[in-house]
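Working through the structure, step by step
These are the residues of each chain, in order.
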Amino acid sequence: MTRRAWGAALAAVFLSEAEAARNVLINAAGATFPYPMYSKWFDRYNKKFPHLQFNYQSIGSGGGIKQITVGTVDFGASDGPMTDRQIRDFQQKRGANILHFPTLIGADVIPYNLPGISAKLNFAPETIAGIFLGKIVTWNDRELVDANPGVNLPNERIVVVHRSDGSGTTFVFVDYLCKVSKEWEARVGRGTSVNWPVGIGGKGNEGVAGQINQTPYSIGYTELVYALQSNMTHARIRNSSGVFVEANLHTVSEAASAPMPDDFRVSITNPPGKDAYPIASFTWLLIPETIPDPTIREAVKGFLRWMLDEGQAMTEALQFAHLPPSVIARERIAIERIH
């Protein structure tokens, strides 16, 4: 090989390596609950580091857990922590552990479509369970009337809307219902997907919001930001202290005062505190503890560090509460477990 040819070959190798460094694609999938925030984070991080791109599929928490378990994505996302059984399944399939990283705190709200009524309604926990169990079937049921004096509720049948796909938004909602209704816990239980006693399904938060907007006298559950973006009226909910509270940054943050376990898997639905909103949750990124590709590994770790710093300053603009400082400090340590 001539010196010129050798030089050209060497330059080609350097160019190829530089090109690879400029273009790193990270695939992820999962929760729709935090998607508005994740979309903004991934876009902002790409602007900061143009060679890094995120391909995030907002397919629901169930899909995110499934895809990270079979290894078709670099990380998953879920609003419900993986169960012990799901973690064992991941370990068996992937030969490694999975780590949970809380990213922000959001809330499920209960939007409804009541023509001619602009008042924000009050809902007791037993009323919510009764509606989704199919036991409370009309808007002028005595439980709703008693909680909303002065509101002329119509004698119309309630149309229940729920998620049709596996969803962390669903997990948060039914986790709450299990805590406030023994009948719900016995008949339906928890999960990212459950057998709904009544109602029609919508895919994703977007699908549920669309069904409610299009269906008079309907009610459902969505993540807070979707209700706000769709200008949907949503209920005040009586919390464990007996106070009817609306979901906002303050009441959602108040829900996050529960102790955090070492693996970051915690439920904060129906928490104590007079100002705490009762259907709130952390949401998690699901990161393999072992990432063989060093480029992907360092890119993911870099993003996690940025998310815990600059990323947290962006949450409130989209009605998500930021993480408590004590949780951030522990997550910084946990990042070093990724190898």
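Residues numbered from 1 in each chain as written. Predicted model: local features only at pLDDT ≥ 70, side-chain atom pairs only at ≥ 80, totals over all residues. Heavy atoms only, no water.

1. Observations regarding the packing of helix α5 (residues 125–133) against helix α7 (residues 168–180)
The description of two packed helices rests on the angle between their axes and on the distance between the axes. Put simply, α5 and α7 touch, their axes get as near as 10 Å, and they point 115° apart. Where α5 crosses over α7, the two elements pack in a sense that is left-handed. Contacts from P125, I128, A129 and F132 of α5 reach α7 at F173, Y176, L177 and V180. Class assignment of the residues belonging to the contact of α5 with α7 gives a composition of eight nonpolar, no polar and no charged. (Axes fitted to C-alpha atoms, helices over the stretch in contact; angles between N-to-C directions. Helix = DSSP H or I, 4+ residues; strand = E, 2+ residues; numbered from the N terminus. Left-handed = near helix turned anticlockwise from the far one by under 90°. Contact = heavy atoms within 4.5 Å. Nonpolar A, V, L, I, M, F, W, Y, C, P; charged D, E, K, R; others polar.)

2. So, the sheet that holds strand β11 (residues 236–238)
Sheet architecture is open: three strands sit in the order β6-β11-β12, paired in mixed fashion. Looking at which strands have only one partner, the edges of the open sheet turn out to be β6 (122–123) and β12 (244–245). Two strands pair when backbone bridges link them, and β11 and β12 are joined in this way by two bridges, in the antiparallel orientation. Bridge pairing in β12 links R238 to F244. (Pairing = 2+ DSSP bridges.)

3. Some thoughts on the pairing of strand β1 (residues 24–30)
Across the seven residues that make up β1, a large majority, five, are buried. As judged from the seven bridges shared by β1 and strand β2 (residues 52–58), these two strands associate in the parallel manner. Considered in β2, the bridge of A28 is made with Y56. Once the chain exits β1 it traverses helix α2 (residues 35–48) before rejoining the sheet at β2, and the crossover so formed is right-handed. Looking at chain direction, β1 and strand β3 (residues 75–78) are connected through three bridges and run parallel. Along β3, the bridge assignment pairs A29 with G76. (Buried < 20%, exposed > 50% of the residue type's maximum accessible area, 1.4 Å probe, protein only. Right-handed = clockwise from strand over helix to strand, strands pointing away.)

4. Here we look at unusual backbone geometry
Even without being glycine, F264 reaches a positive phi, approximately 70°. Although it is not a glycine, Q319 adopts a positive phi angle of roughly 65°. With respect to the secondary-structure elements, Q319 resides in the loop between α12 (294–308) and α13 (325–335).

5. Digging into the packing of aromatic side chains
With the rule as written, the count across this model stands at 23 aromatic pairs. Taking 5.3 Å as the distance between ring centres and 85° as the angle between the ring planes, the aromatic pair formed by Y45 and F303 counts as edge-to-face. Taken together, the residues Y45 in helix α2 and F303 in helix α12 connect sequence positions 258 residues apart. Judged on exposure class, the residue Y45 and its partner F303 are both buried. Every member of this aromatic cluster is reached through a ring pair, and the members are Y35, Y38, W41, F42, Y45, F49, F54, Y56, F75, F303 and W306. (Phe/Tyr/Trp six-rings, centres within 6.5 Å; stacked < 30°, edge-to-face > 60°.)

6. Points about the nonpolar core
Across soluble globular proteins, nonpolar side chains have a tendency to be buried as a group. Membership of the largest hydrophobic core comes to 105 residues, with the highest contact counts inside it found for F123 and F173. Here the element with the most residues in this core is α12; it accounts for eight residues. Excluding its chain neighbours within four sequence positions, the residues that come into contact with F123 are Y112, I128, I131, W139, L144, I219, A235, R236, I237, R238 and F244. (Core = buried A, V, L, I, M, F, W, Y, C linked by side-chain atoms within 4.5 Å.)

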